[in-house]
Amino acid sequence: TDHPDRSVTATESVCPLCAVGCRLAHSEGGRAKGREGPANPNGRLCQKGATAFEAVHADDRLTTPLVRHNGDLVPTDWSTALDRVGSDFETVCDANGPDALAFFGAPRCTNEENYLLQKLARTLGTNNVDNRARLCHTSAATALENRFGWPASTNRLADLTSADLLLVVGANPAIQQPVAFDAFIRPAVADGTTLIHVDPRRNETTRIADQHITPRPGTDALCFHLICALLVEHGYIDASFINDRTKDYEAWKASLSDIDIDAGKRTTGVDTETLFELADRIGTADRVAVAGGTGIEDSGDASSTADALLNMLLLTGNVGRPGTGFTLLRGLNNEQGAVDMGCRPDTLPGHQSLTNDAARRRVADVWGVEPPSTPGHNEHEALDAFGTAVHGALVVGENPAIEKRDADLVTSQLDALETLVVLDVFPSETMEHADIVLPAAIGLEKTGTVTNLDRRVQWLSVATSPPGMARTDYAILAALGKRLVGSGFAPPDPEAAFDELRAVNPLYEKLPDTADERWPVDNDSPLYADGFATHDGKAPFMPLTQVVALPTDDELVLVVGSRAGGFEVEHTVDNRIRLNVDDATVRGIEDGDRVVVATGDSTVMTTAAVGDAVREGTAYLHADVADPLVRSATGTPTVTVALAKNTRHS
Ligand code: SF4
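Only a predicted model underlies this, so the values are computations on that prediction, with no experimental measurement involved.

A. Quick peek at the overall build of the protein chain. Across its full length, the protein chain carries 21 helices and 28 strands. Over its C-alpha atoms the protein chain spans a radius of gyration of 25 Å, differing by no more than 12% from the 26 Å that the globule rule assigns to 650 residues. A buried classification covers 53% of the 650 residues belonging to the protein chain. Restricting the contact set of the protein chain to residue pairs at least 6 apart, pairs at least 24 apart contribute 75%.

B. Focus on helix α7 (residues 178-190). Along α7, the helix axis deviates most sharply at phenylalanine 184, where the bend reaches about 25°; the proline proline 187 sits within four residues downstream. Listed as buried for α7 are Pro178, Val179, Ala180, Phe181, Ala183, Phe184, Ile185 and Ala188. In the segment just after α7, glycine 192 is the residue with positive phi, at about 115°.

C. Summary view of the pairing of strand β27 (residues 618-622). Taking burial as the measure, the five residues of β27 include five buried ones, the bulk of the element. Because side chains alternate across β27, one face comprises the buried residues Thr618, Tyr620 and His622, and the other comprises Ala619 and Leu621, equally buried. By the bridge criterion, five bridges tie strand β23 (residues 556-561) to β27 in an arrangement that is parallel. Each bridged residue has a counterpart across the sheet, and for valine 560 the counterpart in β27 is leucine 621.

D. The arrangement of the site of the ligand in detail. Neighbouring the ligand are 13 residues; Cys15, Cys18, Cys22, Cys46 and Gly49 lie closest to it. Among the elements of the structure, α1 (47-50) and α7 are those that each provide at least two residues to the shell around the ligand. Classifying every residue of the shell around the ligand by side-chain character gives nine nonpolar, three polar and one charged. Composition of the shell around the ligand by domain shows at least three residues from each of domain 1 (12-57) and domain 3 (138-328).

E. Examining the sheet that holds strand β18 (residues 436-439) more closely. An order of β5-β4-β18-β17-β16-β6-β7 is seen for the seven strands of this open sheet, with the pairing classed as mixed. Both outer strands of the open sheet, β5 (72-75) and β7 (129-130), are each paired with one neighbouring strand and no more.

F. View of the domain arrangement of the protein chain. Domain boundaries in the protein chain define domain 1 (12-57), domain 2 (66-135 + 333-518), domain 3 (138-328) and domain 4 (556-643). Taken together, the contact pairs nine residues of domain 2 with nine residues of domain 3. Going through the elements one at a time, α4 (133-136) and α14 (335-340) are the ones with two or more residues in the side of domain 2 that touches domain 3. Looking at the side of domain 2 that touches domain 3 residue by residue, the classes come out as three nonpolar, two polar and four charged.

G. Molecular detail of the confidence of the model for the protein chain. Residues of the protein chain with pLDDT of at least 70 account for 93%, and the chain-wide mean is 90. This model gives residues 563-571 a pLDDT under 50, and the stretch forms 20 contacts once residues within four places in sequence are excluded. Here the predicted complex scores 0.88 on pTM and 1.00 on ipTM.

H. Quick peek at the nonpolar core. Counting 167 residues, the largest nonpolar core has Leu117, Leu166, Ile227 and Leu309 as the members making the most contacts within it. Considering each element in turn, this core owes the most residues, ten residues, to helix α8 (residues 220-233). Residues within four places of leucine 166 in sequence aside, it is in contact with Leu160, Ile185, Ala188, Thr193, Leu195, Ala289 and Ala291. Counting 21 residues, the second-largest nonpolar core is a separate cluster that includes Val559, Val610, Val614 and Ala619.

Criteria and thresholds
- Residues numbered from 1 in each chain as written.
- Predicted model: local features only at pLDDT ≥ 70, side-chain atom pairs only at ≥ 80, totals over all residues.
- Helix = DSSP H or I, 4+ residues; strand = E, 2+ residues; numbered from the N terminus.
- Rg over C-alpha atoms; globule rule 2.2 N^0.38 Å.
- Buried ≥ 20, exposed ≤ 12 C-beta atoms within 10 Å, placed from the backbone.
- Contact = placed C-beta atoms within 7 Å.
- Bend = angle between axes of the 7 residues up to and from the residue.
- Pairing = 2+ DSSP bridges.
- Near = placed C-beta within 6 Å.
- Nonpolar A, V, L, I, M, F, W, Y, C, P; charged D, E, K, R; others polar.
- Domains from an automatic or database assignment.
- pLDDT = per-residue confidence, 0-100.
- Core = buried A, V, L, I, M, F, W, Y, C linked by C-beta atoms within 7 Å.

Shown next, in the form of structure tokens:
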């Protein structure tokens with residue numbers, strides 16, 4: 001049925017536009033107003049958050065279920081659409097088994113919706129469930145999980161204010177997490193915290209930094225290993241922490257002898273004086289914290305970079321105390337929750353291994369079905385297997401058709417499926433390949449919990465109904481579960497689902513009904529205050545394994561800026577390529593010139609912005625503009641930049 005009354009109430013909820021998780025409410029004039037919360041203690045919202053309600057009445061919302069008929073997507077009723085999904089998925093399963101299905105989860109959906117999605121996959125018999133946001137921080141999250149215990153921020157956001165030294169790596173929180181930046185980082189710096197910004201591009205965060213470090217792209221890991229080597233050489237280590245809380249230190253220390261500081265300096269492009277100064281600052285600070293963003297993933301040596309940063313924290317005893325540790329600067333509002341709920345091919349809810357018999361039994365006691373123990377396909381593997389091993393897919397709130405891979409390959413893979421089901425709020429490129437489209441709700445039209453970037457679990461409240469025939473993802477997934485599994489599949493509402501997920505997820509077990517606390521239990525102390533969540537309670541050191549490949553002389557390493565985090569907000573894209581003045585001069589390029597940027601067969605024509613925002617040897621483009629170049633490259637793209645013929649700007 002249609003929802004006739006869509007007036008918006010002043011219900012208090014949580015901003016659905018990024019992982020900071022500010023509290024908000026509707027106000028006069030259709031705008032959101034902030035209200036005080038742990039992530040926005042001053043009650044402020046950023047410009048983007050203030051527009052959070054605009055999507056409620058956006059003209060292009062999906063409002064009707066659609067099924068493909070004679071090549072076109074045509075409107076239908078819910079019963080027909082759900083029956084079509086049910087019979088298509090049953091046909092795929094009967095012919096090929098449950099592993100012929102894949103489920104792509106939803107970092108913008110609630111915990112209860114993500115919980116239901118992975119429950120649907122696993123109850124049907126497959127672990128082919130993943131979510132794209134898992135890939136946004138995969139190296140840092142994996143390093144944290146493998147070495148400390150959980151793929152999550154170690155400390156609360158407010159702890160950043162007690163750091164003596166904060167390293168922001170591969171991120172621009174002044175723009176990407178603006179309220180957290182203004183509430184915690186800016187006041188900390190004003191109060192004496194030293195801010196070191198490690199990023200290939202000077203940006204808004206750099207403006208308040210004490211030091212800006214710009215290792216050549218691809219050499220971040222080596223740079224941090226060099227700093228670790230200097231910390232050891234100068235005796236800036238916490239021997240009792242290393243002894244009591246870590247392992248493999250001696251083997252790691254021996255591996256440092258392979259590092260030649262002078263050669264490393266030449267490779268990273270960071271001069272010796274800067275490296276010494278940074279090691280000195282880290283070594284003499286009592287509390288050192290790291291905040292890492294998606295730039296770590298784009299650094300070309302992401303795993304080694306994350307490992308080196310964790311080595312640095314272990315070496316100096318900077319874990320388990322306020323003002324220390326690692327903050328994962330996540331982007332989408334429920335990235336953390338989607339992985340916590342088990343939308344991963346290799347873990348159950350609560351990051352419990354599939355091979356953990358006790359965990360599988362605990363889940364089976366609640367579900368009545370034991371999940372399979374063999375890991376499934378991650379999203380990339382599943383996409384590659386479309387049309388061969390995987391024949392049906394359910395994509396919730398994602399758009400794999402425009403992910404950073406060969407566009408033609410991905411779209412032909414989508415077309416190779418027997419059935420593609422898309423749940424979404426707005427039309428997308430992926431929807432053009434769908435057989436069935438199910439219209440869903442935004443965060444302000446539903447209830448359920450979301451988990452922000454410092455592990456705080458908060459309830460959303462319903463401010464209005466979804467438009468037309470659109471339903472919440474929870475209602476849609478519950479209906480699909482009823483059709484495919486049986487009437488007892490889904491708890492009756494998100495509140496009951498929160499009860500159920502707490503019964504199977506040990507990290508959420510102690511959260512109260514009202515949530516508003518941080519997992520695993522709310523206290524203000526950081527994770528790992530007494531020991532790491534590893535099998536022996538110790539965190540290992542990891543040696544540098546990366547091999548650095550540098551571009552040829554006439555090429556520049558392309559640094560790609562991230563897309564805006566909010567899907568409902570229009571944003572202005574700076575189309576210009578940023579070049580260092582030295583690189584521009586040798587190419588005869590001046591500020592404002594039209595230039596051709598090329599890699600392989602792909603070219604982009606754009607305008608040069610010449611200055612000192614990027615270091616020599618690198619160039620910066622926004623992701624939307626860099627797309628064709630990134631798609632045709634494997635690994636970190638290197639590009640040539642040349643003056644476009646007869647187009648000199650005058
Ligand atoms: Fe919303 Fe993020 Fe802005 Fe806070 S910082 S108002 S959560 S977009």
